[in-house]
Amino acid sequence: MPEIGEKTVLDSGWLAARSTEVQLTGTQLTTTHPPTGPTSPWMEAVVPGTVLATLVKNKVVGDPFYGLENETILDIADSGREYYTFWFFTQFQCKLSGNQHLDLNFRAINYSAEVYLNGHKKVLPKGMFRRHSLEVTDILNPNGSNLLAVLVHPPDHPGSIPPQGGQGGDHEIGKDVATQYVEGWDWIAPVRDRNTGIWDEVSISVTGPVKIIDPHLVSSFFDRYTRVYLHATIELENRSAWVAECSLNIQVTTELEGNVCLMEHLQTQHVSIPSRARIQYTFPQLFFYKPNLWWPNSMGKQSLYNVSITVDVKGFGESDSWAQLFGLRKIESHIDTATGGRLFKVNGQPIFIRGGNWILSDCLLRLSKERYKTDIKFHADMNLNMIRCWGGGLAERPEFYHYCDVYGLLVWQEFWITGDVDGRGVPVSNPNGPLDDGLFMLCARDTIKLLRNHPSLALWVGGNEQVPPADINTALKNDLKLHPFFETHGENITSVEELSSKFKDPSQYLDGTRVYIQGSMWDGFANGKGDFTDGPYNIQNPEDFFKDNFYKYGFNPEVGSVGIPVAATIRATMPPEGWQLPLFKKLPNGYTEEVPNPIWEYHKYLPYSNPGKVHDQIELYGTPKDLNDFCLKAQLANYIQYRALLEGWSSRMWSKYTGVLIWKTQNPWTALRGQFYDHLLDQTAGFFGCRCAAEPIHVQLNLATYFIEVVNTTVEEFSDVAIEASVWDLEGACPYYKVFDKLSLPPKKVVSISEIKYPKSKNPKPVFFLLLKLYHVSNYSIISRNFYWLHLPGGDYKLLEPYRNKRIPLKITSKIFIKGSTYEIEMNVLNKSKKPDPKTLTYKNNFAIRNYDGDFDMTSLEPISNIGTNPNQRIGLFQRLYRQFSKETNGLKVAETNGSDAGVAFFLNFSVHSSKIDHQEGEDSRILPVHYSDNYFSLVPGEEMSVKISFKVPPGVSPRVTLKGWNYHHGLHTVL
């Protein structure tokens, strides 16, 4: 039973059945004949989720993510809409006392529904992106036990899939206000039920006679952000038959260390609301002096204030309450004259955008806070600062935005228009967009109200590679017009008194604080005119990203490439016939064409070659022998490809580019392209290539000129810093070593340092390693570290194949912290093949700590010095050939590996598994997700690196950490 102002989420205990298999009416289901359990035709339902999610959970159909099983599932075009029209049923307890009211809330359904509660019918009208709140006070059962049944109908125009597939199938889905990717795209197979279902949160909430509706919070800034005002407007609905005398309270608190809250503001206002009336009320502004501002990832802390609003009614008491975490920040943008790209500023500071395109978390809409937290933290881990919610996907959910607020990811949110479906695809269709413009705008306005209080939300965009139809576009422009304070000349308003006297309060706007751009290739994006000038989407020569002619516009909203996952993911998501490698077909022009197996083809495999332009980036390492070899070599290519992409853009920061968004960061299905982590939540090496390249201060090699560059995206100037550059060959020698000292790095600038001339020296090795380190001279703390493997022009990496046989001695020290089911592990790896040079201390890799770096929190966890009581487990702690268990001191576990060779320990990567030993072939032992401070790293002789690993373990599972590498393939296993 919820308290006043609280909601109870109804996310368990649901049943579902196909409507054609239920011979009862909704009235009967919720009075005399309720289903008693998951007996045919009823089954356990997934809510939130889709009909298909429920069918998959109950194994009524195959898993559409596995192999070719999606082909065995009946498509709605063949079955008819009735086949995917489903009943959903649950029960809840609720008894009200005098003058209390109950709302039944559906945050979204797809596409329309009839709701029956205790025999009474209500209708949820059409539209995938609208909230429904039903007052059900008068139809609750007096005994407190309530029966709820919902009959959900699919979209009106689910469309059909042409034999050749295509972007958005036959485009019929564009006639509805719904997600468009469900008819299939070049990165996903068709979703058979078109996402029909109760796909978002269902809840009940209790209020008194007065209800709070859709508060709007806005902050205004003066005197260089030292004087900040919080504006708040709310709607209040009086449901009673008398005038409600109300006390409105707005309270702002901030959380200090140790769960202590500091009260920033408490204000009480009085208002009278006529019977059955709905009014708007604007609070007097709340003033903050030098508050903590909200900053994007890598620019500063994500400071959030808790804003709570309550309404007390005379003669009743507290009637309703509302709370929101809110960040004080100002986002502006304009078209930059130097580059032609849109340039974003946050709190007055320019931000170079390095972000990614996002479809949605899961194509069966099995959305959860836990999944969202991992998804968004992964983006923060990669040092990205923007996510674009693509127009063929979702208006993302508040939980998505919550974690973007927490981790500092700016969000570009598009409405539900795509060029492919709405007028620019093949064949041309729906040039006028959805059939019901009014429904589209209703959904748009409701979405704006749902999301507008999130500091991470940066801009609204009308559509993907298309502008909305003229009437919708005009309505969006009007509804989303900026308040004068947030226009480019808004700085002329110098005081809140002037703001209040001349203009309507900004919180009275529908939004008013964020720019609306009509389409993803307009007004500072791509060529700014709507021509197809985004992309490319395939493998590139790494050096090409740095060249003058690569991309000529200031902000690229989509540039994509490859994304093969690790071999374990292939085995976990495909039968053995899907483990076959692509055929490498030699063409007369010397290039290679990859021919994938049918399962890879179905899962949209993107090749690592582009005949005529790009030689196969996997074959550069030699022809792969098996799936493990192929996927490992693909990780090498993934790392190089995405690091080069971002370094190429960063190299021209402000001079040529203002930003770039990678297509894409992830897939909502088990696709084999365009991803930094797979659907099972395991990272590719491209993830860590991106993480490296997008550091706020970054040392890099320009692959086109071979000049060392430093990219400083921060507002800090760095002086008394140096760069150490060392080249290492495959014999473990260091033929080139140079320190560039007395450097000064101005803020928001790219500095070219010096050319690496080793490739032009007398006898350069055909394959070599280059290690760059930017560090503080005073204490040798590392600001940025970047490791390259390189070949001479026109060469390849085939000499790395025999390098696998090197035996490099390593010393691994682990420190384990456990809190509940959460493990935090610090692994220190030392390459013992050479003693470090006493002249420098950079080999220790003591990284300089940014004061806003919140990657891992080790402080709240108690160190555990003795793990496990099973003596066999302890003895087997590091049990493998060439390894010996050595000692345990001060809570540290130490393992040393024997090896007589000197050289680079190349491409080391950690993974976490369940410690079960007797895994069947193809069985996936990985524990996922895992957060790593770094992975796929290499260590030169004498160098050491600390890697932090964080994960949760399922109940009853003992984890083990595995270390493997290119020339460390026997693996090290640590049972925890």
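Residues numbered from 1 in each chain as written. Predicted model: local features only at pLDDT ≥ 70, side-chain atom pairs only at ≥ 80, totals over all residues. Heavy atoms only, no water.

The protein goes by Beta-mannosidase in an unreviewed UniProt entry, where it is assigned to Hibiscus sabdariffa. According to the UniProt record, the Sequence similarities (unreviewed entry) comment for the protein is "Belongs to the glycosyl hydrolase 2 family." (UniProt positions renumbered as here; feature names shortened; annotations may be inferred.)

### Observations regarding the pattern of salt bridges
In total, this model carries 47 salt bridges according to the counting rule given. Linking Arg227 and Asp223 is a salt bridge whose minimum nitrogen-to-oxygen distance equals 3.6 Å. You can call Arg227 partly exposed: its relative accessible area is 30%. Asp223 gets classed as partly exposed once you look at its relative accessible area, which sits at 47%. The salt bridge involving Arg785 is made with Glu943; its shortest N-O contact spans 2.8 Å. Note that Arg785 is positioned in strand β37 (residues 782-791) and Glu943 in the loop between β44 (937-939) and β45 (944-952), a separation of 158 residues in sequence. The same class applies to Arg785 and to Glu943, which are both buried. When salt bridges with common partners are traced through the structure, they connect Lys7, Arg107, Asp200, Glu201, Arg397 and Glu399 into a single cluster. (Salt bridge = Lys/Arg side-chain N within 4 Å of Asp/Glu carboxyl O. Buried < 20%, exposed > 50% of the residue type's maximum accessible area, 1.4 Å probe, protein only. Helix = DSSP H or I, 4+ residues; strand = E, 2+ residues; numbered from the N terminus.)

### A few points about the UniProt feature "domain: Glycoside hydrolase family 2 catalytic" (unreviewed entry) in the protein
Those places that UniProt annotates as "domain: Glycoside hydrolase family 2 catalytic" (unreviewed entry) correspond, in this numbering, to residues 343-473. For residues 343-473, the helix share is 32%, the strand share is 21%, and the end-to-end C-alpha distance is 23 Å.

### Concerning the environment of Thr670
Within the secondary structure layout, Thr670 lies in the loop between β30 (659-663) and α12 (685-693). It is 9.8 Å that separates the C-alpha atoms of Thr670 and Asp362, two residues lying 308 residues apart in sequence. In this structure Thr670 touches Phe65, Thr573, His603 and His679, once residues within four positions along its chain are discounted. Separated by 2.6 Å, the side chain of Thr670 and the backbone oxygen of Phe65 make a polar contact. (Contact = heavy atoms within 4.5 Å. Polar contact = N/O pair within 3.5 Å; in protein donor to acceptor, adjacent residues only side chain to side chain.)

### Some remarks on helix α6 (residues 437-451)
Its 15 residues place the ends of α6 21 Å apart at the C-alpha level, agreeing with the 21 Å of an ideal helix rising 1.5 Å per residue. Considered for burial, the residues of α6 that qualify are Leu439, Phe440, Met441, Cys443, Ala444, Asp446, Thr447, Ile448, Leu450 and Leu451. Against α5 (398-407), β24 (410-414), β25 (457-461) and α7 (470-479) lie the buried residues of α6. Looking at where α6 begins, the residue whose side-chain oxygen comes 3.1 Å from the main-chain nitrogen of Gly438 is Asp436. (Expected span 1.5 Å × (residues − 1).)

### Thoughts on the confidence of the model for the protein
A residue-level look at the protein finds 93% of positions with pLDDT of 70 or above and a mean pLDDT of 92. Here residues 854-890 scores under 50 on pLDDT; set against residues more than four positions off or in separate chains, the count is 81 contacts. (pLDDT = per-residue confidence, 0-100.)

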